[in-house]
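# Chains, contacts and geometry: an overview
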There are 2 protein chains.
Amino acid sequence: MSSDYKTQKGQDFDRAAFESLLKRKVFLWQSFEPYGAVKGLFDYGPPLETLEAEVINIWRDHFIRTEKMMALKCSMLTPFEVLKTSGHVDKFADYMCKDPKTGEILRSDHLIKDVIEQRLLSDREARGEKIEVAEEDPKKKKKAVKAAKTAVKLEDAQRKEYEHMLATLDDCTGDDMGALIKKHDIRNPTSGNEVEPPVSVNLMFQTQIGATGKEPAFLRPETAQGQFLSFQKLLEYSDGQLPFASASIGYSFRNELSPRSGLLRVREFLMAEVEHFVDPESGKRHPKFHTVKDVKLPLLSRKTQNEGGSKPTVISIGEAVETKLVDNETLGYFLVRIMYFMQKIGIDMGKLRFRQHMQNEMAHYAADCWDCELQSSYGWIECVGCADRSAYDLSVHMKATGVPLQVREPLKEPYRVEEWTAALDKKKSGPKFKKDAGKVQSALDALTQDMREKLSISMQKEGKVSVDVPEMEGGKVELEKDIVSFQKESRIETMREYIPNVIEPSFGIGRILYSLMEHVYWTREGDAARSVMSFAPTVAPIKVLVVPLQKDAKFAPLLSHLEQRLDDDAISFRVDQSGVSIGKRYSRNDELGIPFGITVDYQSLEDNSFTLRDRDSTKQVRASLDQILEAVAKMCRGKESWKDVQGRLPVFESEGKEE
Amino acid sequence: MSSDYKTQKGQDFDRAAFESLLKRKVFLWQSFEPYGAVKGLFDYGPPLETLEAEVINIWRDHFIRTEKMMALKCSMLTPFEVLKTSGHVDKFADYMCKDPKTGEILRSDHLIKDVIEQRLLSDREARGEKIEVAEEDPKKKKKAVKAAKTAVKLEDAQRKEYEHMLATLDDCTGDDMGALIKKHDIRNPTSGNEVEPPVSVNLMFQTQIGATGKEPAFLRPETAQGQFLSFQKLLEYSDGQLPFASASIGYSFRNELSPRSGLLRVREFLMAEVEHFVDPESGKRHPKFHTVKDVKLPLLSRKTQNEGGSKPTVISIGEAVETKLVDNETLGYFLVRIMYFMQKIGIDMGKLRFRQHMQNEMAHYAADCWDCELQSSYGWIECVGCADRSAYDLSVHMKATGVPLQVREPLKEPYRVEEWTAALDKKKSGPKFKKDAGKVQSALDALTQDMREKLSISMQKEGKVSVDVPEMEGGKVELEKDIVSFQKESRIETMREYIPNVIEPSFGIGRILYSLMEHVYWTREGDAARSVMSFAPTVAPIKVLVVPLQKDAKFAPLLSHLEQRLDDDAISFRVDQSGVSIGKRYSRNDELGIPFGITVDYQSLEDNSFTLRDRDSTKQVRASLDQILEAVAKMCRGKESWKDVQGRLPVFESEGKEE
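Since the structure is predicted, the reported quantities are computational estimates derived from the model, not experimental observations.

### What about the overall build of chain A?
- Along the backbone of chain A there are 23 helices and 29 strands.
- Dimensions of chain A, computed from C-alpha atoms along their principal axes, come out at roughly 110 × 65 × 55 Å.
- Counting every position in chain A, which comprises 659 residues, the buried fraction comes to 53%.
- Counting only contacts in chain A whose residues sit at least 6 apart along the sequence, the fraction spanning at least 24 positions is 68%.
- Accessible area for chain A stands at about 30900 Å²; split by element, carbon and sulfur atoms hold 49% of it.

### Some details on the domain arrangement of chain A
- Split by domain assignment, chain A resolves into domain 1 (2–86 + 205–392), domain 2 (93–202), domain 3 (418–497) and domain 4 (532–652).
- Spacing between the C-alpha centres of domain 2 of chain A and domain 4 of chain A amounts to 54 Å.

### Quick notes on the sheet that holds strand β27 (residues 609–614) of chain A
Residues and elements named next belong to chain A.
- Read across the open sheet, the 6 strands follow the order β25-β24-β26-β27-β28-β29; overall the sheet is mixed. Every interior strand has two partners, whereas the edge strands, β25 (573–575) and β29 (651–652), have only one.
- As paired strands, strand β26 (residues 596–600) and β27 are joined by 4 bridges and run antiparallel to one another. Note that in β27 the partner of Gly597 across the bridge is Arg613.
- Lying on the sheet, helix α19 (residues 556–568) is in contact with β24 (544–548), β25, β26 and β27; it crosses β24 at an angle near 170 degrees.
- The strands that helix α20 (residues 582–590) touches are β24, β25, β26 and β27; relative to β24, the one it contacts most, it runs at about 160 degrees.

### Comments concerning the packing of helix α2 (residues 46–65) of chain A against helix α2 (residues 46–65) of chain B
- Viewed as axis vectors pointing N to C, α2(A) and α2(B) meet at an angle of 140 degrees, and their least axial separation amounts to 13 Å. Crossing angle aside, the handedness with which α2(A) passes α2(B) is left-handed. Contact residues: A:Glu49, A:Thr50, A:Ala53, A:Asn57 and A:Arg60 in α2(A); B:Glu49, B:Thr50, B:Ala53, B:Asn57 and B:Arg60 in α2(B).
- By residue class, the composition of the contact of α2(A) with α2(B) is 2 nonpolar, 4 polar and 4 charged.

### Things to note about the sheet that holds strand β3 (residues 70–72) of chain A
All names here are of chain A.
- Pairing is mixed in the open sheet, where 9 strands are placed in the order β3-β10-β11-β21-β16-β15-β14-β12-β13. Unpaired on one side and paired on the other, β3 and β13 (313–316) mark the two borders of the sheet. Direction aside, the axes of adjacent strands within the sheet are offset by 30 degrees on average.
- The pairing of strand β12 (residues 296–300) with β13 spans 4 bridges and is antiparallel. Looking at β13, one finds that Pro298 is bridged to Val314.

### What about a nonpolar patch on the surface?
Residues and elements named next belong to chain A.
- Side chains of Leu549, Tyr602 and Leu605 sit close together on the surface and give an oily, nonpolar patch of about 210 Å² of accessible area.
- With respect to the helices and strands, the residue Leu549 is situated in the loop between β24 and α19.
- The exposure class assigned to Leu549 is partly exposed, which follows from its relative accessible area of 31%.

### Observations regarding the relation of the copies chain B and chain A
- Mapping chain B onto chain A calls for a rotation angle of 179 degrees and an axial translation of 0.1 Å; the resulting RMSD is 0.4 Å. Here the copies are linked by what is in effect a two-fold axis. The rotation axis passes nearest to the C-alpha of B:Thr207 in chain B, at a distance of 2.6 Å.
- Comparing interface residues between copies, 100% of those in chain B also sit at the interface in chain A, which points to an isologous, same-surface contact.

### Points about empty space enclosed by the protein
- If you walk through the whole model with that rule in mind, you get 5 cavities of 30 Å³ or more.
- Taken as a whole, the largest cavity encloses approximately 840 Å³ of empty space.
- Looking at the largest cavity, it is lined by 45 residues, and the ones nearest its centre are A:Glu52, A:Ile249, A:Tyr251, A:Leu270 and B:Ile249.
- Listed by contribution, the elements that provide at least two residues to the lining of the largest cavity are β2 (42–44), α2, β10 (244–253) and β11 (268–278) of chain A together with α2, β10 (244–253) and β11 (268–278) of chain B.
- A breakdown of the residues in the lining of the largest cavity according to their chemical character gives 22 nonpolar, 11 polar and 12 charged.
- Computed from the structure, the second largest cavity encloses a volume of approximately 50 Å³.
- Around the second largest cavity, the lining residues are A:Phe32, B:Cys74, B:Ser75, B:Thr78, B:Leu83, B:Arg220, B:Glu222, B:Thr223, B:Gln225 and B:Gly226.

### A closer look at the interface of chain B and chain A
- Contacts between the two partners involve 85 residues from chain B, matched on the other side by 85 residues from chain A.
- The largest contributions to the chain B side of the interface with chain A come from B:Tyr35, B:Lys73 and B:Tyr237, which together make up 13% of the buried area.
- Seen at the junction of chain B and chain A, the total is 8 salt bridges.
- Salt-bridge contacts for A:Arg65 lead to B:Asp567; the nearest nitrogen and oxygen are separated by 2.9 Å.
- Connecting chain B to chain A are 35 residue pairs in polar contact (both at pLDDT 80 or more).
- Broken down by element, the residue count for the side of chain B that touches chain A peaks at 10 residues, all from α2(B).
- Looking at side-chain class alone, the side of chain B that touches chain A contains 41 nonpolar, 21 polar and 23 charged residues.

### Observations concerning the side chain of A:His276
All names here are of chain A.
- Its place among the elements puts His276 in strand β11.
- Assessed through its relative accessible area of 6%, His276 is described here as buried.
- In this structure His276 touches Pro243, Phe244, Ala245, His286, Thr330, Phe334, Asn501, Val502 and Ile503, once residues within four positions along its chain are discounted.

### Brief notes about the pairing of strand β27 (residues 609–614) of chain B
All names here are of chain B.
- Here β27 lies mainly inside the structure; 6 of its 6 residues are buried.
- Burial of β27 is two-sided: the residues Ser609, Thr611 and Arg613 facing one way and the residues Phe610, Leu612 and Asp614 facing the other way are all buried.
- Counting the residues between successive antiparallel strands, the hairpin from β27 to strand β28 (residues 620–624) contains 5 residues, one of them, Thr618, with a positive phi of roughly 60 degrees.

### What about a positive patch on the surface?
- Taken together, the side chains of A:Arg637, A:Lys639, B:Arg637 and B:Lys639 present a region of like positive charge at the surface.
- Summarising the element assignment, A:Arg637 is placed in the loop between α22 (625–636) and α23 (642–648).
- A relative accessible area of 58% means that A:Arg637 is categorised as exposed.

Calculation criteria
Residues numbered from 1 in each chain as written. Chains lettered and ligands numbered in written order. Predicted model: local features only at pLDDT ≥ 70, side-chain atom pairs only at ≥ 80, totals over all residues. Heavy atoms only, no water. Helix = DSSP H or I, 4+ residues; strand = E, 2+ residues; numbered from the N terminus. Buried < 20%, exposed > 50% of the residue type's maximum accessible area, 1.4 Å probe, protein only. Contact = heavy atoms within 4.5 Å. Areas by Shrake-Rupley, 256 points an atom, 1.4 Å probe, with all protein chains shown as cover. Domains from an automatic or database assignment. Pairing = 2+ DSSP bridges. Axes fitted to C-alpha atoms, helices over the stretch in contact; angles between N-to-C directions. Left-handed = near helix turned anticlockwise from the far one by under 90°. Nonpolar A, V, L, I, M, F, W, Y, C, P; charged D, E, K, R; others polar. Patch = residues over 30% accessible without salt bridge, like charges linked within 9 Å, V, L, I, M, F, W, Y side chains within 5 Å. Salt bridge = Lys/Arg side-chain N within 4 Å of Asp/Glu carboxyl O. Least-squares fit on C-alpha atoms with pLDDT ≥ 70 in both. 1 Å grid on protein atoms, 1.4 Å probe; cavity = no way out; pocket = protein on both sides within 12 Å on 5 of 7 lines; lining within 4 Å. Points joined across faces, edges and corners; volume = space filled by probe spheres on them. Buried area = accessible area lost by both parts, 1.4 Å probe. Polar contact = N/O pair within 3.5 Å; in protein donor to acceptor, adjacent residues only side chain to side chain. Lys, Arg positive; Asp, Glu negative; His and termini not counted. Charge placed at Lys NZ, Arg CZ, Asp CG, Glu CD.

Written as structure tokens, this is what we have:
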């Protein structure tokens with residue numbers, strides 16, 4: 001797979017070398033290494049932690065400030081009931097099989113895929129095909145070697161059945177997978193043992209609030225639920241006006257059964273989620289859509305995918321919405337804003353596409369859904385999901401709690417309604433039903449218009465009616481004439497009540513950071529050992545490398561002055577005073593992605609001038625300290641490019657090439 | 001208590017009014033309200049979320065960038081073993097008593113305190129004293145009323161015993177408290193039931209990683225442990241040079257049994273923790289101490305507290321370190337940096353003090369510890385702890401894992417050492433002990449020099465020795481001459497190995513934010529209903545309020561131009577176009593703490609000039625758009641004050657006072 005994937009300079013991407021750089025420069029590592037690292041948990045070292053902070057600040061600026069979103073911070077610990085209502089307790093699960101002898105837990109789909117792929121590979125071996133293992137993963141290589149030893153040829157029909165299985169595995173239920181495992185004698189590949197049938201395992205981390213045992217809770221699997229439950233506060237803050245959007249940057253958790261793929265599948269991750277609330281009757285128009293309608297995006301439609309294609313069509317968002325390829329303006333507006341954000345942080349635009357969800361990928365309530373996918377050596381990976389969740393979440397929470405999570409606004413044109421009412425006589429029902437009186441009222445409230453009309457007829461005939469009250473003993477109650485009355489009433493409806501629809505762009509920050517690191521990685525021509533991380537100056541973890549020409553006490557006062565000035569301008573920097581050549585010092589700091597270098601040399605002592613070096617081109621200019629700092633500050637704010645700077649400041653030719 | 005506490009203008013602080021503002025302007029609320037809010041969990045609405053982000057950015061700039069700290073992000077989910085080693089599994093606990101009839105869980109110290117205070121109150125009632133309940137808490141008022149009904153007079157000796165109990169409660173063990181509860185018949189005040197004896201309950205949230213049940217884990221109670229376990233990576237990144245510091249901004253968790261005091265005691269909270277690693281033989285000097293040595297701080301020493309005083313001494317940090325009041329330069333340097341940080345974000349310097357820990361407050365390994373306390377209506381609250389943790393954490397993790405968490409550096413002056421060695425003959429010991437060979441070697445390695453010498457004598461005499469190996473069956477092993485040899489060797493030691501000491505400033509961000517909100521709250525003179533949140537422009541959640549004089553389509557193009565310019569300068573703003581008077585619009589946005597207002601009026605249409613209003617003084621200037629925006633940008637970056645701006649731009653007198 002990785003062989004298709006190239007660096008920004010068109011070189012073959014060498015994942016082993018890339019990972020070695022990440023390790024050497026402490027970008028990240030598995031957590032708790034001294035205790036035997038835990039899978040699916042990662043620590044970020046200084047370069048990656050700071051990169052994340054820069055990316056988050058751009059996200060805040062690009063979405064929260066510019067779009068006037070309401071920033072929210074909600075709790076990670078979430079009571080059982082909330083996630084029961086949202087559907088996560090029942091549906092946020094994977095199927096797993098247990099190896100009863102070793103106690104090992106295997107994800108059912110992974111198990112089937114691994115075993116069947118292995119058999120197909122073995123078949124090709126047996127047929128004398130040359131097997132190339134493109135994967136860097138040494139485990140896979142090992143398996144391939146093992147396969148070669150015991151190559152088994154398959155019947156043609158069998159091979160076809162296996163291929164079909166792999167293609168349709170995503171649509172399988174747990175029972176389906178259980179049947180496949182039995183039929184094809186699929187066993188734990190490491191032990192050779194038969195496995196137990198698939199069972200559904202919830203992927204949320206469970207815990208308890210307090211010490212009573214009465215408050216079961218989970219770590220949230222998404223930040224969205226907290227935002228939905230805050231809806232009334234947000235509506236208040238926006239003076240009752242829709243549309244508006246909330247935004248949360250926070251952690252979510254997923255208890256992966258067997259995490260793979262490094263940063264792309266982790267158990268604890270930072271998300272940035274927007275919930276944009278809109279009146280469903282507004283056509284989901286967006287007030288700023290006209291400002292983006294001519295922007296072109298690479299859109300891979302459901303249709304193209306159904307036809308087996310994978311090449312996106314580049315088309316303006318205006319056209320896409322007009323032709324209903326993208327469901328509505330608000331969704332379209334966000335797709336453009338997402339692309340702009342990716343551009344700002346330095347994502348390679350040739351490695352970005354928007355893919356529409358297939359019908360079976362979407363939640364049943366979703367109207368449309370597009371993923372922003374970034375290409376990396378792992379393939380095309382979903383990094384932002386942009387879904388129309390309709391009114392689902394607000395509706396279920398409102399139903400479960402009775403708290404109105406809706407908008408109430410005056411109708412432009414009030415109208416007359418005729419309605420059957422069902423009123424309980426409080427004075428009589430209270431003493432009769434005592435604490436159950438509320439349940440009876442609720443049961444009456446829940447009756448449809450039809451039912452009320454029918455009951456009014458029964459009441460006239462028989463003087464009493466029987467009403468279902470499932471929460472009471474016996475499940476029903478007899479009501480007599482004097483205790484309840486059914487009447488047809490006519491009134492003027494002046495208010496409209498509706499549950500807003502929600503468009504949700506949801507960003508996986510870790511995946512975006514990982515993709516970004518792959519996108520900016522390349523090696524100098526002719527020297528694969530000299531690698532560079534070309535972080536844009538706006539996001540680079542450290543902005544400036546300061547290198548005195550050599551160790552000489554004479555430089556100390558000037559260095560100290562330079563450091564003070566950089567501090568005053570809030571520009572982060574690193575001083576490299578080690579004894580090696582300037583070229584070498586630049587080279588090893590290129591791996592940290594420091595975009596600019598300032599050299600302090602003997603001429604600096606004479607005229608207070610400095611050279612400024614650009615990491616990507618290794619070109620230099622020479623100018624006064626003020627000019628250099630101004631240029632750096634502007635480039636770090638994205639207000640000027642190196643090309644601009646090189647055009648207006650005197651170019652400096654150093655003697656010879658950088659070592 | 002709250003009656004001593006004043007606003008920055010010297011007014012009595014009205015907590016009810018303050019909390020009503022926080023609610024009205026959606027600063028925060030208890031999480032999951034529609035499901036019946038969960039205690040100890042809070043959501044932040046737009047103003048507080050953004051305030052936090054601004055404060056964190058200043059923290060990053062003030063500590064991480066300026067002090068060149070290594071930013072780290074470590075996992076929240078933490079394996080059991082890690083926290084077993086750190087001592088949290090055994091010691092991070094509170095005592096609780098269960099009411100066996102209701103199932104209620106009561107914190108033992110709270111229970112004793114509540115009941116005994118109640119009895120003392122009742123006694124004062126009975127003696128005819130007038131009881132004033134200063135607390136706003138309606139529950140306490142209720143209790144007081146109840147007490148009045150059943151006032152019981154105490155014997156003098158009894159009263160003294162109770163007073164002594166309250167004063168010494170913090171030093172009680174679980175058994176002590178159990179004895180007190182029994183002796184004084186302390187019962188659950190809400191039910192009147194006897195309670196079970198105190199049991200220790202761990203305060204960490206427990207969960208499981210994966211589905212095997214073999215990976216118990218906790219949510220971390222502090223960010224520090226992840227930083228300690230990353231020590232080797234950090235040492236590498238700093239090229240082996242000490243001192244250096246790591247810094248983490250992240251969430252920690254504490255499963256409070258019965259949370260009280262709003263934001264001051266929560267179950268999920270943001271911390272910013274620094275771990276500064278230093279050579280213990282360096283005298284814990286700090287290279288930048290000379291830059292702060294004349295800075296004066298309010299220090300409340302242990303001695304003063306022991307003498308019953310509570311007034312801090314204002315003294316320069318240089319003197320404090322010299323007189324050993326503050327243990328060392330590094331601790332002293334951080335106290336100053338903490339104070340500067342608090343100043344930058346707008347904390348009232350009259351409500352800040354540093355309090356030294358009493359001997360019984362400190363962990364057994366701590367060398368010295370100072371809290372930065374901020375005063376609020378809840379009293380003086382610890383908001384930053386600044387402790388010298390010595391080499392404790394690195395040592396215990398190194399011991400538990402065998403992974404070296406230490407520094408190895410060449411000695412300046414190599415020296416000769418004579419040492420007894422104890423070497424196992426691998427060829428013979430392997431076959432003899434098989435898998436236990438390692439245990440035997442470890443037991444030998446653990447022998448002191450003295451022991452080795454003694455064993456060498458035994459060996460000479462008897463030809464064999466007996467060595468304790470607690471991990472083996474039988475607990476000891478016989479070793480013969482041919483299998484182990486004890487020899488006195490002399491060698492030149494060229495390397496030094498040591499475990500660094502750690503100075504740890506640890507910030508509770510939520511407590512700081514809450515204190516800050518209290519510090520900036522006040523009401524306009526003569527109108528208690530007009531409250532103001534005087535956030536410094538650097539941290540204010542929204543920087544500018546834009547108010548068009550009145551609803552008039554003529555203003556639209558100019559408004560749109562102004563909004564574009566503010567966006568270009570990345571200045572957050574809010575437009576208030578509602579129909580009410582300008583004064584009213586300013587007034588209600590003062591509650592959000594927006595520091596500046598720009599009015600768009602008819603003159604603006606003529607000459608593109610605008611008035612700029614200062615929230616705190618309500619003074620105004622009038623100038624061109626460029627001038628206004630430049631002034632706002634500078635004030636928001638902390639580079640200019642309103643006084644400066646008022647001095648250089650033409651003052652604008654509006655007609656009449658603001659409504």
